[in-house]
Amino acid sequence: MISKALTAACCLLVVSADATQTGLDKPWMDTALSPKQRAQALVEKMTYEEKASMLHGYGAQTDDWPYVGNVAAIDRLGIPALRYNDGPQGFRDDKLPGTSTAWPSGLTAGASWDKHTVYNWGKGMGVEFYKKGANVQLGPGVCVARVPHNGRNFEYISGEDPFLGYTLVQPAVKGIQDQGVIANVKHYVNNNQETNRNSVSENVDERTRFEMYYPPFKGGVEANVGSMMCSYNKINHVWSCENPETLRRDLKEVMGFEGYVMSDWGATHSLSIAEGLDQEMPGNETFNRISLKSVDPKLVADSVTRILTPMFQMGVMDTPNPNKISNNVTSDSHNDIAREISQNSTILLQNENDVLPLAKDNIRIVVVGDQAWNAVVHGGGSGSVTPAWVKPPLWSICDKLGVERINGENGASGCNAGSKVCVTYDDGSKSPGNTDKYDHAILFVQTSSHEGGDRTNLSFAGGQDEMVSAWGVVDGLKKVVVMSTPGAVLTPWSKDIDGILLNFMPGQAMGDAIANTLFGDSNPSGKLPLTFPNEENEQRMTISQYPGLDNGENATYSETFFFGYRWYDKHNVQPKFPFGHGLSYSKFLYDASTFSIKDRTVEIDVKNVGSVPGGEVVQLYVGFPSSSGEPVRQLKGFEKYLLEAGETVTASFTLTDRDLSIWDVASHKWALQKGEFTIEVGTSSRAIRATGLLEQK
Ligand code: BGC
């Protein structure tokens with residue numbers, strides 16, 4: 001503690017000394033100026049060569065360039081190197097795996113529906129990036145899940161809803177940037193499939209872009225994010241990183257983004273500064289000291305200013321990060337935070353006859369499935385982080401019940417005679433056999449995905465569905481399934497199962513998180529950020545929509561807004577598990593008699609009528625006047641309330657003009673709609689507890 005305080009004091013001294021001493025020849029060190037003014041002052045002093053050197057970086061991960069991306073320092077002016085690293089759910093260190101925390105993935109954090117949890121997630125990652133010497137985190141990932149199969153859905157915090165993304169991106173960015181690390185919101189934009197990502201044109205109209213795909217990026221802008229990454233795909237036949245409409249006009253001019261745009265790795269196709277790209281990553285094939293001479297110097301200065309502004313804003317210029325990539329930055333306390341985030345994001349999908357939480361005594365459990373022993377907790381690609389260790393959920397269950405830890409061999413078991421508890425492990429490779437000695441089966445299943453490819457189906461591979469089905473039909477056993485998945489999955493066996501828990505890609509602390517949840521030490525409060533379908537391609541997407549016609553070169557968004565719950569509502573189809581769904585060990589009563597809509601403020605009292613404390617996400621959906629052509633209902637407000645047993649809260653939401661507007665293509669502006677809006681408050685998109693009307697004149 002003391003040494004930290006001393007270091008901080010010492011740095012402050014250095015800065016202020018520098019600022020006064022250099023007030024004349026280094027005006028950019030004057031902290032009374034805004035970050036942008038400081039950046040502008042510095043750019044004025046830079047040579048052309050120096051400016052050009054900031055518009056590209058290297059990605060070698062060598063001794064000289066140790067990070068995933070590196071922009072050279074300019075020592076003469078005291079500009080430190082920029083050090084970029086993946087990814088959106090923790091520091092990826094391929095050379096020293098295990099030296100950083102494998103946090104829950106973006107989709108998992110999104111499933112918390114909780115700004116505080118998401119802030120802590122961003123903060124935890126930001127702290128580790130800083131301690132690893134990085135000053136830019138290549139995350140959070142925010143694309144909206146259009147296609148359930150997208151291999152990167154697990155990285156993205158938005159799930160299938162733009163408002164959820166818009167809201168949660170903000171605390172994620174703040175959590176990261178509060179640690180002196182520049183966040184990078186990615187991948188801008190419509191990088192919604194991995195199939196043919198390097199060639200596909202995502203053909204999507206302007207209104208759909210603004211209403212469905214831009215809002216999470218706008219959330220980043222509002223949180224003052226320092227950087228964004230343009231994506232591999234084309235949008236309407238123009239490469240994303242040289243698309244003047246999406247980059248220069250929509251992002252910079254309309255949304256007001258003042259930071260800089262770097263290309264995804266290898267996604268620079270031309271010297272597209274005028275179109276809105278600021279920095280080529282990695283390499284300098286296109287943005288280099290020779291080519292940049294052909295560019296208007298004002299554009300070059302603007303791009304450099306955009307890069308330097310967040311460097312001032314996040315303290316990168318004033319207190320250069322002294323840390324090294326070789327540092328081991330994970331810790332027990334970060335493991336605890338990762339566990340808490342996973343717990344807060346765990347979704348209780350089904351709980352027949354209150355099978356959960358499980359008792360801690362007089363219970364004989366069989367834990368089934370390899371996932372209980374070799375847990376998959378992460379997706380693959382640049383968003384992966386190799387943890388030092390993943391405690392097997394099986395061990396966490398044993399620890400919780402005071403049973404000696406069982407190793408992962410088929411059939412091993414242990415008992416705690418004191419509490420009359422026995423735990424047995426079965427890897428699930430054979431049929432259940434004699435189950436007389438158990439009363440509960442906990443079935444662990446997983447499926448993962450990775451960057452660079454989509455999932456070919458939404459099932460559990462390797463005989464896991466068969467395993468659950470086989471155990472599902474065993475009489476005399478209560479069955480609970482624990483699913484770790486990178487997005488939506490099919491659960492054809494659910495009618496035979498009593499309880500289902502879902503934790504998406506839960507990160508390294510999954511074992512203790514799930515044991516705490518199974519036995520009620522943590523009360524699940526996550527909600528589905530995306531719809532779970534009954535069958536493959538339930539939304540009847542055509543090949544033209546996904547993965548695209550012309551050898552997958554053209555994916556056309558003819559469904560406009562109607563994917564995810566917007567599709568299910570429009571077609572009146574009951575999904576398997578709806579958007580926003582998630583149960584609790586508490587019960588929450590929405591008192592319809594207290595429901596009110598005054599001007600733009602919607603209120604309702606919600607009481608925890610259960611016997612344990614719990615978190616409830618109160619959700620507000622808006623239905624637009626029919627003339628608007630908008631979907632039946634759209635999320636426009638949510639808040640997670642933590643309530644003691646018996647406690648009541650007045651949930652309150654105030655709708656803004658933007659919430660009641662559609663994107664008007666003719667004027668390129670939001671247009672407030674007039675008429676009767678339907679206002680719904682509920683515990684999911686399909687469990688509405690109160691409905692009313694709001695008249696907008
Ligand atoms: C990914 C980015 C990542 C970059 C650097 C690309 O393949 O799409 O998300 O940040 O690589 O590793």
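Check the entry above for the structure.
Not measured: the values here are computed from a predicted model.

**Student:** I keep staring at the sheet that holds strand β4 (residues 182–188) and nothing clicks. Help me out?
**Tutor:** Backbone hydrogen bonds hold the strands of a sheet together, and the pairing may be parallel or antiparallel. Across the sheet, six strands lie side by side as β1-β2-β3-β4-β6-β9; this open sheet has mixed pairing. Bordering the open sheet on either side are β1 (69–71) and β9 (260–263), each of which pairs with just one other strand. The sheet contact formed by strand β2 (residues 82–85) and strand β3 (residues 136–137) spans two bridges and is parallel. Each residue of the ladder has a partner; that of Y84, found in β3, is V136. Contacts between helix α6 (residues 162–177) and the sheet are confined to β3 and β4, with β4 contributing the most and set at about 140° to the helix.

**Student:** Just checking my understanding: could you explain the environment of G90 for this structure?
**Tutor:** Looking at the element boundaries, G90 is found in the loop between β2 and α4 (106–111). Excluding anything up to four places from it in sequence, G90 contacts T101, W103, M125, F129, Q137 and V385.

**Student:** Just checking my understanding: could you explain the site of the ligand for this structure?
**Tutor:** Within the structure, the ligand sits among 14 residues, and D86, R152, H187, D264 and E451 are positioned closest to it. Between D86 and the ligand, the recorded distance is 2.5 Å, taken from a side-chain N or O atom to an oxygen atom. Within the contact set of the ligand, an oxygen atom lies 2.6 Å away from a side-chain nitrogen or oxygen of E451. Isolated, the ligand exposes 310 Å² of accessible area, and the fraction of that covered by the protein chains is 92%. For the shell around the ligand, the residue count by class is five nonpolar, two polar and seven charged.

**Student:** So what exactly am I meant to see when it comes to the packing of aromatic side chains here?
**Tutor:** Within a pair of aromatic rings, the relevant descriptors are the distance that separates the centres and the angle that separates the planes. Across all of its chains, the model carries 24 aromatic pairs by this definition. Centre to centre, the rings of F163 and F638 are 6.1 Å apart; their planes meet at 85°, and the pair counts as edge-to-face. Remark: F638 occurs in strand β21 (residues 634–643) and F163 occurs in helix α6; sequence separation between them is 475 residues. A relative accessible area of 16% places F163 in the buried class. Each residue in the set W113, F163, Y166, Y565, F579, Y621 and F638 is aromatic and connected to the rest through ring pairs, giving one cluster. Over the ring of F638 we find K115, and its NZ or CZ is 6.0 Å from the ring centre. K234 extends its terminal NZ or CZ atom over the ring of W239, reaching a point 4.7 Å from the ring centre.

**Student:** How should the sheet that holds strand β17 (residues 554–556) be read in this particular structure?
**Tutor:** In space, the four strands of this open sheet follow the order β8-β7-β5-β17, with mixed pairing throughout. Sheet topology places β8 (238–239) and β17 at the edges, where each strand pairs with a single neighbour. Here strand β5 (residues 201–203) pairs with strand β7 (residues 234–235) via two bridges, running parallel. From the neighbouring strand, E202 faces β7, where its bridge partner is I235.

**Student:** I keep staring at the nonpolar core and nothing clicks. Help me out?
**Tutor:** For soluble globular proteins, the rule of thumb is that nonpolar side chains tend to be buried together. In terms of nonpolar packing, the biggest core is built from 100 residues, with M46, M54, I79, L82, L308 and M311 touching the most fellow members. Aside from chain neighbours lying at most four places away, what touches L82 is M54, G69, N70, V71, N135, V136, I182, Y260, I307 and M311.

What counts, and where the lines are drawn
- Position numbers for residues start from 1 in each chain and track the written sequence from start to end.
- Since the coordinates come from a predicted model, pLDDT governs what is reported: local features require at least 70, and pairs of side-chain atoms require 80 or more to be given and counted, while whole-chain, interface and lining totals use all residues.
- For side-chain calculations, the full set of non-hydrogen atoms in the structure is used, while hydrogens and water are omitted.
- By definition, two strands form a pair when at least two bridges between them are found by DSSP.
- Comment: elements are numbered from the N terminus, with helices defined as DSSP H or I runs of at least four residues and strands as E runs of at least two.
- Throughout, a contact is declared for two residues whenever any of their heavy atoms are within 4.5 Å.
- Lines are fitted to the C-alpha atoms to define the axes, a helix being fitted only along its stretch in contact, and any angle between axes, read from their N-to-C directions, falls within 0 to 180 degrees.
- For this purpose, a residue is taken to be near a molecule or strand whenever a single non-hydrogen atom of the residue falls within 4 Å of it.
- Any pair of N or O atoms that falls within 3.5 Å is considered a polar contact. Within protein, one atom must be able to donate a hydrogen and the other to accept it, and sequence-neighbouring residues count only if both atoms are side-chain atoms.
- For the area figures, the Shrake-Rupley method with a 1.4 Å probe applies, and any residue is considered shielded solely by the protein chains shown.
- Note that Gly is not counted as nonpolar here; it falls among the polar residues with everything else outside the nonpolar set of Ala, Val, Leu, Ile, Met, Phe, Trp, Tyr, Cys and Pro and the charged set of Asp, Glu, Lys and Arg.
- Only rings of Phe, Tyr and Trp enter the pairing, Trp through its six-membered ring, and a pair is recorded when the two centres are within 6.5 Å. The plane angle decides the type: under 30 degrees is stacked, over 60 is edge-to-face, the rest tilted.
- Relative accessible area decides the class of each residue, using a 1.4 Å probe on protein chains only: under 20% of the type maximum gives buried, over 50% gives exposed, and in between gives partly exposed.
- Note on criteria: charge over ring means Lys NZ or Arg CZ within 6 Å of the ring centre, with the direction from the centre no more than 35 degrees off the ring normal.
- Note on terminology: a nonpolar core comprises buried Ala, Val, Leu, Ile, Met, Phe, Trp, Tyr and Cys residues joined through side-chain atoms within 4.5 Å.

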